[in-house]
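Here is what each chain is made of, one letter per residue.
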Amino acid sequence: MLLKERFGKVPDMEGTLFLIGVNELGSLPRKKFSKEQKQDLMHIAVCTLLCQHGYYEFAGRDEDGWPHFHELEGVPVKGAMDQERMLKECVIRYFE
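Okay, so let's go over this structure. (Residues numbered from 1 in each chain as written. Predicted model: local features only at pLDDT ≥ 70, side-chain atom pairs only at ≥ 80, totals over all residues. Heavy atoms only, no water.)

Here we take up the packing of helix α2 (residues 13-25) against helix α3 (residues 35-51). At a closest axis distance of 7 Å, the pairing of α2 and α3 adopts a crossing angle of 85°. In terms of orientation, α2 lies roughly perpendicular with respect to α3. For the pair α2 and α3, the contacting residues are E14, L17, F18, I20, G21, V22, E24 and L25 in the first and K38, L41, M42, I44, A45, V46, T48 and L49 in the second. For the contact of α2 with α3, the class distribution of residues is eleven nonpolar, two polar and three charged. (Axes fitted to C-alpha atoms, helices over the stretch in contact; angles between N-to-C directions. Helix = DSSP H or I, 4+ residues; strand = E, 2+ residues; numbered from the N terminus. Parallel < 35°, antiparallel > 145°, perpendicular 65-115°, else oblique. Contact = heavy atoms within 4.5 Å. Nonpolar A, V, L, I, M, F, W, Y, C, P; charged D, E, K, R; others polar.)

We now examine the environment of H53. Tracing the chain through its elements places H53 in the loop between α3 and β1 (56-61). Measuring from C-alpha to C-alpha, the distance between H53 and C90 comes to 8.7 Å, with 37 residues separating the pair along the chain. Dropping the residues within four chain positions of it, H53 is found in contact with M86, C90 and R93.

Among the structural elements, T48 can be located in helix α3. T48 gets classed as buried once you look at its relative accessible area, which sits at 12%. Once residues lying within four places of it in the same chain are set aside, the contact partners of T48 are E24, F69 and Y94. (Buried < 20%, exposed > 50% of the residue type's maximum accessible area, 1.4 Å probe, protein only.)

Okay, the pairing of β1 next. Strand direction decides the pairing type here: β1 and strand β2 (residues 67-71), joined by five bridges, are antiparallel. Across the sheet, the residue bridging to G60 is H68, located in β2. (Pairing = 2+ DSSP bridges.)

Counting 20 residues, the largest nonpolar core has L17, L41, L49, L50 and Y56 as its most contacted members. Of all the secondary-structure elements, those providing two or more residues to this core are α2, α3 and α4 (80-95). Ranked by residue count, the leading element in this core is α3, at seven residues. Aside from chain neighbours lying at most four places away, what touches L49 is L17, I20, L87, C90, V91 and Y94. (Core = buried A, V, L, I, M, F, W, Y, C linked by side-chain atoms within 4.5 Å.)

Structure (structure tokens):
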């Protein structure tokens, strides 16, 4: 509901991951992101979310301010549906 109130609709998983990635990146003087940067932002979101379960840990930021992570252990997912379910649960906890 928080996202729906803020943006007028519930974003899909890709949109939600993008928003989390932008949030984790913080404020940089950038209005548009390249396609590669958008993919990087979604990766930042996934790593951030999986930190909740101990699969990743925050390693720091590079000289441009982009966060980086270390994988601690592989994520035991059995397919796309399990992965999406796990990410949805993490998204809920992220916004709580």
